[in-house]
Amino acid sequence: MTEDGFRGREVPIWIFRGDGLSGEERQYMVELSPGMVVLDAVLYVQQHEAPDLAVRWNCKAAHCGSCGAEVNGRPRLLCKTRMDDYMRRNEAVHVGPMKTFPVIRDLVPDIRKNYEIARRIPPFTPAHPAPFQLWPEDVERLKEFRRCIECFLCQDVCHVLRDHHRLDHYMGPRFMLKLAELDMHPLDTRDRTPYVRREGGVDWCNVTRCCSDVCPEAIAITENAIIPLKERVADRYFDPIRDFWRGRSRRPAPEPPEK
Amino acid sequence: MNIDPLHYDVLIVGAGGAGLRAALAAAEEGARVAVLSKSLLGKAHTVMAEGGIAAALGNLDPYDSFDTHFYDTMKAGHFLNNYRMVSLYTQEAPDRVLELETWGAVFDRTEDGRIMQRPFGAHSFRRLAHVGDSTGKELIRTLEYKILATKRVDVYPEVITTRLFLDDNGRAAGAFCYQRDDGRFLIFSAHAVIMASGGWGRVYKVSSNSWESTGDGAAISFRAGAELMDMEMVQFHPTGMVWPPGVRGILVTEGVRGEGGLLFNSQNERFMLRYDPERKELSARDVVSRSIFREVQAGRGTPHGGAWLDISHKGPAYIKRKLPTMYEQFLKLADLDITRERFEVAPTTHYTMGGLRVEAETGATNIEGLYACGETAAGLHGGNRLGGNSLGDLLVFGRRAGLAAAAYAARRPGTSSLSYSSIEEERRRVLAPFAIESGENPYLIHAQLQQLMSTYAGIMRSGTSLTDGLGHLERLSERANRMSADGGLHFNPGWGLVFDVQNMLTLARAILTGARERRESRGAHWRTDYPDEDPEEGRRNIVQTLGPDGRIKVRDEPVPEMPPDLRRLFDDPVSPGVKRQREEASRARGSEGA
Ligand SMILES: Cc1cc2nc3c(=O)[nH]c(=O)nc-3n(C[C@H](O)[C@H](O)[C@H](O)COP(=O)(O)OP(=O)(O)OC[C@H]3O[C@@H](n4cnc5c(N)ncnc54)[C@H](O)[C@@H]3O)c2cc1C
Ligand code: SF4
Ligand code: SF4
Ligand code: FES
């Protein structure tokens, strides 16, 4: 690690202060140290100037997913976002809460809705209790989905939720990931396709890939989770060949009874 | 103020692995359960655990067995452990791991499709069931989704307990809490209370622990009359990150050494060959930590005062597959590629072996109706915890505490009555920091406490340092009485920190007191004025209670004595499994020769 030239310099940082009703950005000064991340800077302000500055964090190492916020308008983990990246580009640092969710205070959003969705998802239902024989390749495939740290940055960025406020219709990328993970578990016995379509609302996703772009765990949410789910829904509910010959837009077939 | 309490059969303070497992067990018994936590669901400290869960499944090494795991754990704990807890733990851990798979966890696999196990310091065999280097995440995520799907369990995220209430008969009866988002006070009444609030690593300056690990449950119970035990035993993990400053103390999993990482001093010497030629880098944590500490003291430290850890010889593909989180962590936070370069590590405060004194089978404390499990409880790990034995602890004793608390709650007649005056008293105490003008800054008091503890009761202690430490602590505590808070009740970290710091001051006093009392070096407790183990000292656990005058009372409890059949295991210099393996090998050689 190079001892960078930014060390010891005082720089400004703008942090949103306020609640769901009102608020504004305020400027604070922080003393840079080598390798400093934005969370360090926020905690510095908390220690020196604003003891009541609200922020969530736990691990400081991008493992727990507590510190999701927006830095210069982009959803990020505060503990993984380096101050020197902005300094090098001569960019000012503006920190605000995730925009898709109501604000409790300062950088802390109200993300209870996500847990309400999580509660509704039918749990893993294996054919028999463990021990299971699972092959390394199966596990490798599931692993990507299981890397999720539930930071909800993908929920924050998804335009269906962010701009169209359709959390009631579409569970959002995090939970598509969860459903794909359950669906692809070799021992899960539930038929989840009807759920993915109806309660999950997978049709709302129009594959913009914004969620994959912001995921701090670099999970290919769209490619590896959502598109396969969409394909299953299409296989079950649409008959593409017939639709092609009739030259019509796809129309859902009647729903088969749930297994 | 609205003081209508919320009623539950079992109230659980903590949503880490221990609290969640306890909740599932209690709910299974039909109890109505509330689970409280300082953070959101799934974010507790447990999520950070990396290396794995120690359970003698024997998937790779068929000679492994629960008595071998028992042997390793007792030995690593330097025989201060409660052998009954160790025995229950080692027998039940494999079932608890398998049960996680039934609930949806997916562990790494062997070629033949069984759960993969990795070697770890001072374990006789490859024993840690793991998921790359993010096992804690898998554990907590699995329990989180199981809890979400369980009726009868209500989760209260960001609801923080400040006080335990007892009823007129001295039984646990409820708790006072504040809700972080709106600052509202919540009063819980319950037939049984389980403390599963984790450890208190934040008492020290360099620590792998999150902001939550301030020992609230232990301190709150201690104030209510519960006994603390083995408080002098604080584990310093040998490999914390050192550089840059912002990440100092963040853990480098023991998995790095488990997967073949080697330690060097500034003279490129593999110094562990000198300190423990047999187990080398995979020696017990107390040994490796002290070795690094000694190298640095002898002037052979790295630029920022640590040792070099090198895994690059394993090649990028292997490292990225087995240690993906470590690879990312160093790349992003330290601009360092561990597949190509070595990196600096130094000891970091990691785990608190001491805690509430409990009954082995149930987790019951000396207060009727109060239970404890997980890192908050003492007894399983003795003088030093083996890697991987904590996650197993959470599952085995979380379940046991949950079952016992539910059974007790069902037995206990009537509703638990809370006294209005104690609720009112606590409400006033909790609001007091807002009324203090130009008071002390809790962030500053915390920083000074951490400095104090690292200086006087760190990895190395002596009678003088501990006495000095107690003196300084007394003065600091006096100033801390005037900690104040700015702003309002809504999500106010500075206000909450006041109570965290009060709890840490209480536990710091117990650490210093216990450490001064133990006149020997044993496990994690290293006294320069008593550098050796003393068999007499090793026969006692140091137990502390808080008198009504606020003074700590210290008393000895004899370490529970093993029955002869277990004790005999230790006549051998190697564990039973290794012995069987060697015997078999020599028989095989013998028959080959014949
Ligand atoms: C980086 C790291 C890696 C580790 N790796 C391993 C490993 O590989 N294997 C292993 O066996 N162990 C490991 N450990 C240790 C292990 O993770 C912990 O000891 C264990 O997770 C503790 O679990 P717990 O349930 O007792 O408490 P925690 O997980 O600490 O949870 C405590 C809970 O109590 C809540 N709480 C605390 N105070 C209050 C209050 N006043 N009111 C309400 N709620 C409260 C908290 O919010 C939290 O929900 C590791 C530890 C660290 C730090
Ligand atoms: S790909 Fe789908 S889920 Fe992801 S952001 Fe775009 S619309 Fe949302
Ligand atoms: S999928 Fe990625 S962005 Fe979404 S919650 Fe999980 S880790 Fe965060
Ligand atoms: S603090 Fe845990 S992800 Fe940032």
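What you see is a predicted model, and the numbers here were worked out from it, not measured in a lab.

Reading the values: the criteria
- Residues numbered from 1 in each chain as written.
- Chains lettered and ligands numbered in written order.
- Predicted model: local features only at pLDDT ≥ 70, side-chain atom pairs only at ≥ 80, totals over all residues.
- Heavy atoms only, no water.
- Contact = heavy atoms within 4.5 Å.
- Buried area = accessible area lost by both parts, 1.4 Å probe.
- Salt bridge = Lys/Arg side-chain N within 4 Å of Asp/Glu carboxyl O.
- Polar contact = N/O pair within 3.5 Å; in protein donor to acceptor, adjacent residues only side chain to side chain.
- Helix = DSSP H or I, 4+ residues; strand = E, 2+ residues; numbered from the N terminus.
- Nonpolar A, V, L, I, M, F, W, Y, C, P; charged D, E, K, R; others polar.
- Domains from an automatic or database assignment.
- Near = heavy atom within 4 Å.
- pLDDT = per-residue confidence, 0-100.
- Axes fitted to C-alpha atoms, helices over the stretch in contact; angles between N-to-C directions.
- Parallel < 35°, antiparallel > 145°, perpendicular 65-115°, else oblique.
- Pairing = 2+ DSSP bridges.

A.B. asks: How do you make sense of the interface of chain A and chain B when you look at a structure like this?
C.D. replies: Note on interface size: it is often stated as the accessible area lost on association of the parts. On the side of chain B, 59 residues touch chain A, which itself brings 60 residues to the contact. Where chain A abuts chain B, roughly 5000 Å² becomes buried across the two surfaces, and 56% of that area is made up of carbon and sulfur atoms. Taken together, the links from chain A to chain B amount to seven salt bridges. Between Glu 150 of chain A and Arg 141 of chain B there is a salt bridge whose closest N-O contact spans 3.8 Å. On inspection of chain A and its partner chain B, the count reaches 33 residue pairs in polar contact (both at pLDDT 80 or more). In terms of residue count, helix α4 (residues 136-146) of chain A provides more of the side of chain A that touches chain B than any other element does, five residues in total. Considering only residue class, the side of chain A that touches chain B consists of 33 nonpolar, nine polar and 18 charged.

A.B. asks: Please clarify how the domain arrangement of chain B should be interpreted in this entry.
C.D. replies: Residue and element names in this part refer to chain B. For chain B, the domain assignment lists domain 1 (6-233 + 353-420), domain 2 (237-350) and domain 3 (433-537). Here the C-alpha centre of domain 3 lies 28 Å away from the C-alpha centre of domain 2. With seven residues of domain 2 in contact, the opposing surface of domain 3 contributes five residues. Considering only the side of domain 2, the residues that lose the most area to domain 3 are Asp 286, Arg 290 and Phe 293, jointly responsible for 72% of the buried surface there. The tally of links from domain 2 across to domain 3 stands at zero salt bridges. There are one residue pair in polar contact (both at pLDDT 80 or more) connecting domain 2 and domain 3. Grouping the amino acids of the side of domain 2 that touches domain 3 by side-chain chemistry returns two nonpolar, two polar and three charged.

A.B. asks: In this structure, what is going on with the site of ligand 1? I would like to understand it.
C.D. replies: Residue and element names in this part refer to chain B. Near ligand 1 lie 39 residues; those nearest to it are Thr 46, Gly 51, Glu 212, Glu 375 and Leu 391. Contact distances for ligand 1 include 3.0 Å between an oxygen atom and a backbone N or O atom of Ala 18. Elements with a contribution of two residues or more to the shell around ligand 1: α1 (17-28), β2 (33-37), β7 (159-166), β14 (343-352) and α11 (389-411). Broken down by element, the residue count for the shell around ligand 1 peaks at four residues, all from α11.

A.B. asks: Please clarify how the confidence of the model for chain A should be interpreted in this entry.
C.D. replies: In low-pLDDT segments, the atomic positions of the prediction should not be examined closely. In this model, chain A carries a mean pLDDT of 90, and residues with pLDDT of at least 70 account for 89%. When the criterion is pLDDT under 50, residues 245-259 of chain A qualifies, and its contacts beyond four places in sequence or with other chains add up to 20 contacts.

A.B. asks: Which parts of the structure should I look at to understand the site of ligand 2?
C.D. replies: Residue and element names in this part refer to chain A. Close to ligand 2 lie 13 residues; Cys 158, Cys 205, Thr 208, Arg 209 and Cys 211 are nearest. For the shell around ligand 2, the secondary-structure elements that each account for two or more residues are α9 (210-214) and α10 (221-237). Counted by class, the shell around ligand 2 contains eight nonpolar, four polar and one charged residues.

A.B. asks: Explanation requested: the packing of helix α13 (residues 442-456) of chain B against helix α14 (residues 463-480) of chain B in the structure shown.
C.D. replies: Residues and elements named next belong to chain B. Running from N to C, α13 and α14 cross one another at 170°; their axes reach a closest spacing of 9 Å. As judged from the angle between their axes, α13 and α14 are roughly antiparallel. For the pair α13 and α14, the contacting residues are Ile 445, Gln 448, Leu 449, Leu 452 and Tyr 456 in the first and Ser 465, Leu 466, Asp 468, Gly 469, His 472, Leu 473, Leu 476, Arg 479 and Ala 480 in the second. In terms of residue class, the contact of α13 with α14 is built from eight nonpolar, four polar and two charged.

A.B. asks: Would you take a moment to explain the sheet that holds strand β17 (residues 540-546) of chain B for this structure?
C.D. replies: Strand pairing in a sheet relies on backbone hydrogen bonds. The paired strands run either parallel or antiparallel. All names here are of chain B. The strand order β15-β10-β17-β18 describes an open sheet built from four strands, whose pairing is antiparallel. This sheet does not close on itself; its edge strands, each paired only once, are β15 (355-356) and β18 (552-558). The pairing of β17 with β18 spans seven bridges and is antiparallel. What sits directly across from Ile 542, in β18, is Asp 556. Each of β10 (228-229), β15, β17 and β18 is contacted by helix α5 (residues 216-223), which is oriented at about 70° to β17, the strand it contacts most. Packing against the sheet, helix α15 (residues 493-517) makes contact with β10, β17 and β18, and its axis sits at approximately 145° to β17.

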